[in-house]
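Each chain, letter by letter, is given below.
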Amino acid sequence: MTTENKDQAELDKFSELASRWWDETSEFKPLHAINPLRLNWIQSKTAVAKMKIIDIGCGGGILSESLAKCGADTTGIDLSSKALKVAKLHALETQTSIQYELISAEEMAAKSPESFDIVTCMEMLEHVPDPKSIVQAAAKMAKPGGMLFFSTLNRNLKSYLMAIIGAEYILNILPKGTHDYAKFIKPSELTNFTRDAGLELLDMTGLHFNPITDHYYLGPGVDVNYMIAVRKPL
């Protein structure tokens, strides 16, 4: 029997916060703030409407619901039952059609290989013991020609100072202990994961925050937060 690719402490941490996923003034305020940027970036790379999409590590469903509202046939998967309950409830409240499932990426890949036009996995890789396994599972889920999107945090002094010291301890944007610096992933490592999974790199962009203006934006530079777009060859 294989060990499930999860960090129980991480799951417990986010499960405790589950009731506040959709409170835009809560610990999840940054996710709400960056969600339009993520969504627009995805849409700039591929059509979303009428596509079959899976959102890995969907949590309370912020990105999943946005994709569904764009007309996508959306599935969200996570290993936090509490977060999924919140996601399902919010989808009911907003009358948004989404399939949510308590299942790991690896299990879903075995169950539904080459089933999705688009695979997203945002702000999740830095919270699991084996991120490479998640990338491989995502690749397996994608249809030939399918698009995949990942976002995570770079591992260097600047990202430590900004994402942990700055965001968690000085600005209090995130709860203390949200991130483990040792789990941050360098772009070279993530692109190696995608290459080993047979995926083609199409684009990489940085996600930046200006604490003075309280503004998030996309642009050059991947020192801290970054996103990549890759494609599964036909």
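Use the structure listed above.
Attention in this report is confined to the structure presented alongside it. (Residues numbered from 1 in each chain as written. Predicted model: local features only at pLDDT ≥ 70, side-chain atom pairs only at ≥ 80, totals over all residues. Heavy atoms only, no water.)

## A few points about the packing of aromatic side chains
Right, on to step 1. On inspection of all chains with the given rule, the structure shows five aromatic pairs.
Right, on to step 2. Judged by centre distance (5.7 Å) and plane angle (75 degrees), the rings of Trp 41 and Phe 149 are edge-to-face. A residue pair is termed long-range when its members are at least 10 positions apart, and Trp 41 in helix H2 (residues 29-45) and Phe 149 in strand E5 (residues 142-153) qualify at 108 residues.
Right, on to step 3. Judged by its relative accessible area of 0%, Phe 149 is buried.
Right, on to step 4. Connected via pairs of aromatic rings, a cluster forms that spans Tyr 160, Tyr 181 and Phe 184.
Right, on to step 5. The residue whose ring lies beneath Lys 52 is Phe 116, and the NZ or CZ to ring-centre distance is 5.3 Å. (Phe/Tyr/Trp six-rings, centres within 6.5 Å; stacked < 30°, edge-to-face > 60°. Helix = DSSP H or I, 4+ residues; strand = E, 2+ residues; numbered from the N terminus. Buried < 20%, exposed > 50% of the residue type's maximum accessible area, 1.4 Å probe, protein only. Lys NZ or Arg CZ within 6 Å of the ring centre and 35° of its normal.)

## Here we look at the pattern of salt bridges
Right, on to step 1. All told, the structure shown has twelve salt bridges when counted by the stated rule.
Right, on to step 2. Between Lys 29 and Asp 214 there is a salt bridge, with the nearest N and O atoms lying 3.7 Å from each other. Here Asp 214 lies in the loop between strand E6 (200-210) and strand E7 (215-219) and Lys 29 lies in helix H2, a separation of 185 residues in the sequence.
Right, on to step 3. The partly exposed category is assigned to Asp 214, whose relative accessible area is 45%.
Right, on to step 4. As a salt-bridge pair, Arg 231 and Glu 200 come within 3.8 Å of each other at their nearest N and O atoms. One end of the pair, Arg 231, is in strand E8 (residues 225-231); the other, Glu 200, is in strand E6, with 31 residues separating them in the sequence. (Salt bridge = Lys/Arg side-chain N within 4 Å of Asp/Glu carboxyl O.)

## Focus on a nonpolar patch on the surface
Right, on to step 1. Together, Leu 157, Tyr 160, Leu 161 and Met 162 line one region of the surface with nonpolar side chains, adding up to about 390 Å² of accessible area.
Right, on to step 2. Among the structural elements, Tyr 160 can be located in helix H7 (residues 157-170).
Right, on to step 3. Owing to a relative accessible area of 33%, Tyr 160 belongs among the partly exposed residues under this scheme. (Patch = residues over 30% accessible without salt bridge, like charges linked within 9 Å, V, L, I, M, F, W, Y side chains within 5 Å. Areas by Shrake-Rupley, 256 points an atom, 1.4 Å probe, with all protein chains shown as cover.)

## A word on helix H8 (residues 187-196)
Right, on to step 1. Where H8 is concerned, the buried positions are Pro 187, Leu 190, Thr 191, Phe 193 and Thr 194. One side of H8 carries all its buried residues, which in axial view fall inside an arc of 150 degrees. Turned more than 90 degrees away from the buried face of H8 sit Arg 195 and Asp 196, all of them exposed.
Right, on to step 2. Downstream of H8 by one or two residues, Gly 198 has phi in the positive range, about 80 degrees. (Arc of directions from axis to C-beta.)

## Section: the environment of Ala 68
Right, on to step 1. By the secondary structure assignment, Ala 68 is in helix H3 (residues 62-69).
Right, on to step 2. For the pair Ala 68 and Lys 52, spaced 16 residues apart in sequence, the C-alpha separation works out to 9.7 Å.
Right, on to step 3. Aside from chain neighbours lying at most four places away, what touches Ala 68 is Thr 74, Thr 96, Ser 97 and Ile 98. (Contact = heavy atoms within 4.5 Å.)

Just distances and angles here, no functional claims.
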